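Structural characterization, general
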Amino acid sequence: MSELLIKNGYTKADDHSNADICIINTCTVTSTGDSKNRKYINRVRRENPDCIIVLCGCMPQAFADNSELFRDCDIVMGNTARRDIVSVLQDYYACPGQIIRIDSHQKDEGFEPMEISSFEERTRAYIKIQDGCNRFCTYCIIPYARGRVRSKPLDDIKKEALSLAKNGFKELVLVGINLSAYGQEFDLDIKDAVRAVCQVDGITRVRLGSIEPERMTEDVLSALAAEDKFCPHFHLSLQSGCDVTLKRMRRHYDTAEYRRIVEDIRRMFINPSITTDVMVGFVGETEEDFRASVDFCDEIGFARTHVFPYSRRKGTAADKMDGHIDEREKRRRAEIMIEHTVAEQRAFMQSQIGLTMPVLFETVDKQGFFEGYTPNYTKVKVKDDTLRGGESVDVKITEAFDDYCVGEVVR
Ligand code: SF4
């Protein structure tokens, strides 16, 4: 949206307080997200009463009939009309008054034709290659906000990757709502998208955003392992390490299937990292279920885990289930789970000491350390005045902390 506006003569403001138009692109995955969205709308209105507030994204799309949410916004667009931002603003200037453009998702709608050629980060760029989800996990509002699976055609992905490479980006991250479902409408899968961007000159690293344990077959993983530019970091969504809870969540795998994928990854890739998301306190989760989930996380030994308590979302199947757990108990379970997963994270960081890995340097921190990431997405800091941003250099890891490692350049 920013690129579309800039192409049409708009300029970017430094801050919402001095902007003529403030676009708030919302996430609605948790109720905390919704409450942050509402607070931010109020803050913008208070600090800049005359600006045009454009609200878009998943919150208005999922809750289109709750007009109270949009009362203070001038333009409300959901997810489907964002590419029309320039013409919608023209309509508003021609005839001021609230505009609401929330079109429902259609079963046969195509991939939103929007692309990005530049990012504020200098080395890493993101290409959205997939949208929507057909899964309907019982806790999740996303299929309602994002519609059904649709994928960016391979030629468009290549075109976008080429333009990003021309603009100096070296690392590409392919992202989507349910990335593992990429290409299912065209009989393609995620390996085809990875191959396409790996072929682009100038791109030296290709990563995947968060993936579901869906379609992660031996065949797909071995094709990814054969790509030199592919980075072995898998953010493989788990949600629960208890089979009973996974069933109630209507997830599409069990722990045995998940374990099989982890074993394949560890067998096929050199020094991979596996990170995940885990929910605690899902509806009906007993103490025994919770303990099973903790034990499974300990067994896998994730390099990093995002732990979050179940968030009740109106309109989902889980909202209507019996057995909701009170907030205090959810917090207690989250603390226990975090304690376990942080121990695993430390063990992973320690396991990197002594290894030599290429680090693509990006920024310098306040203490003068150059920061960058290894292929398995370990953050590495190095003190060396000869380094430059955008450079990939071999580094031997000498120390490990909770969130990063320190190393020395190997010349
Ligand atoms: S697969 Fe992911 S996006 Fe789809 S419904 Fe389940 S949690 Fe939501």
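Residues numbered from 1 in each chain as written. Predicted model: local features only at pLDDT ≥ 70, side-chain atom pairs only at ≥ 80, totals over all residues. Heavy atoms only, no water.

Examining the site of the ligand
Stated formally: In these notes, residues near a molecule or strand are those with any non-hydrogen atom within 4 Å of it. Each residue gets one label: Ala, Val, Leu, Ile, Met, Phe, Trp, Tyr, Cys and Pro are nonpolar, Asp, Glu, Lys and Arg are charged, and the others, such as Gly, are polar.
Near the ligand you find C133, R135, F136, C137, Y139, C140, I142, P143, E212 and R251, and these make up its full shell. Taken together, the residues that form the shell around the ligand break down as seven nonpolar, no polar and three charged.

Digging into the sheet that holds strand β5 (residues 124–128)
In plain terms, the rule: Only strands that DSSP links by at least two bridges are regarded as paired with each other. Note on conventions: DSSP H or I runs of at least 4 residues are helices, E runs of at least 2 residues are strands, and numbering of each starts at the N terminus. Helix axes use the C-alpha atoms of the stretch in contact, all axes being lines fitted to C-alpha atoms, and the angles between their N-to-C directions lie in the range 0 to 180 degrees. Any pair of residues with heavy atoms lying within 4.5 Å of one another is described as a contacting pair.
Strand order in this open sheet of three strands is β5-β8-β9, and the pairing throughout is parallel. Looking along the sheet, the strands with just one partner apiece sit at the ends: β5 and β9 (205–208). Direction aside, the axes of adjacent strands within the sheet are offset by 25 degrees on average. Set on the sheet, helix α7 (residues 190–198) makes contact with β5, β8 (171–175) and β9; between it and β9 the angle comes to about 155 degrees.

Some thoughts on the domain arrangement of the protein chain
Here is the rule we go by: A domain assignment, automatic or from a database, supplies the domain bounds used here. Buried area counts how much accessible surface, traced with a 1.4 Å probe, disappears from two parts once they are put together, with both parts' losses summed. Here, a salt bridge means any Lys or Arg side-chain nitrogen found within 4 Å of an Asp or Glu carboxyl oxygen.
Each assigned domain of the protein chain is listed with its residue range as follows: domain 1 (2–100), domain 2 (124–351) and domain 3 (356–409). A C-alpha centroid distance of 26 Å is found between domain 2 and domain 3. Each partner contributes residues to the interface: domain 2 has 17 residues there, and domain 3 has 18 residues. Carbon and sulfur atoms supply 45% of the area buried between domain 2 and domain 3, which totals about 1400 Å² over both sides. A salt bridge links D402 to R346; the nearest nitrogen and oxygen atoms lie 2.8 Å apart.

Structural notes on the sheet that holds strand β1 (residues 21–26)
Read across the open sheet, the four strands follow the order β1-β2-β3-β4; overall the sheet is parallel. Only two strands of the sheet have a single neighbouring strand rather than two, namely β1 and β4 (99–100). Both strand β3 (residues 75–76) and β4 contribute to a ladder of two bridges, which runs parallel. Residue I75 lies in a different strand from β4, and its bridge partner there is I99. Here helix α2 (residues 31–47) sits on the sheet in contact with β1 and β2 (52–57), set at roughly 175 degrees to β1. Against the sheet, helix α4 (residues 85–94) touches β1, β2, β3 and β4, its axis set at about 145 degrees to β2.

Structural notes on unusual backbone geometry
As a reminder of what qualifies: Note on exposure labels: buried denotes an accessible area under 20% of the residue type's maximum, exposed denotes more than 50%, and partly exposed covers the range between, all computed with a 1.4 Å probe on protein chains only.
Its identity as a non-glycine residue notwithstanding, Q239 has a phi of 75 degrees, on the positive side. Q239 sits in the buried class, given a relative accessible area of 7%. With a phi close to 70 degrees, Y377 is a non-glycine residue in the positive phi region. With respect to the element layout, Y377 can be found in the loop between β14 (370–373) and β15 (379–382).

Some words on the pattern of salt bridges
Evaluation of the coordinates by the stated rule reveals 37 salt bridges. Note that D131 and K128 form a salt bridge whose closest N and O atoms lie 3.0 Å from each other. You can call D131 buried: its relative accessible area is 4%. Taking relative accessible area as the criterion, K128 reaches 26% and is therefore assigned partly exposed. Three or more residues joined by partner-sharing salt bridges are found here, namely E285, E287, R291, E329, R332 and R333.

Overview of the environment of V382
Counting through the fold element by element, V382 comes out in strand β15. For V382, a relative accessible area of 1% translates into the label buried. If we skip the residues at most four places from it in the chain, V382 touches F361, F369, F370, L387, V395, G407 and V409.

Observations concerning the environment of G301
Within the secondary structure, G301 sits in the loop between α11 (287–300) and β12 (304–309). Spatially, the C-alpha atoms of G301 and A347 are 8.3 Å apart, while their sequence positions differ by 46 residues. Setting aside its immediate chain neighbours within four residues, G301 contacts R266 and E344.

With respect to the pairing of β1
This is how the line gets drawn: By convention a crossover is right-handed if, when the strands point away from the viewer, the path from the first strand over the helix to the second runs clockwise.
Strand direction decides the pairing type here: β1 and β2, joined by six bridges, are parallel. Residue I21 lies in a different strand from β2, and its bridge partner there is I52. Chirality of the crossover, the property in question, places the unit of β1, α2 and β2 among those that are right-handed.

As for the pairing of β8
Counting buried positions along β8 yields four of five residues, so the element is predominantly enclosed. Pairing of β5 with β8, which is carried by five bridges, proceeds in the parallel orientation. Counterpart to I127 in the pairing with β8 is L174. Judged from the four bridges that link them, β8 and β9 form a sheet pairing that is parallel.

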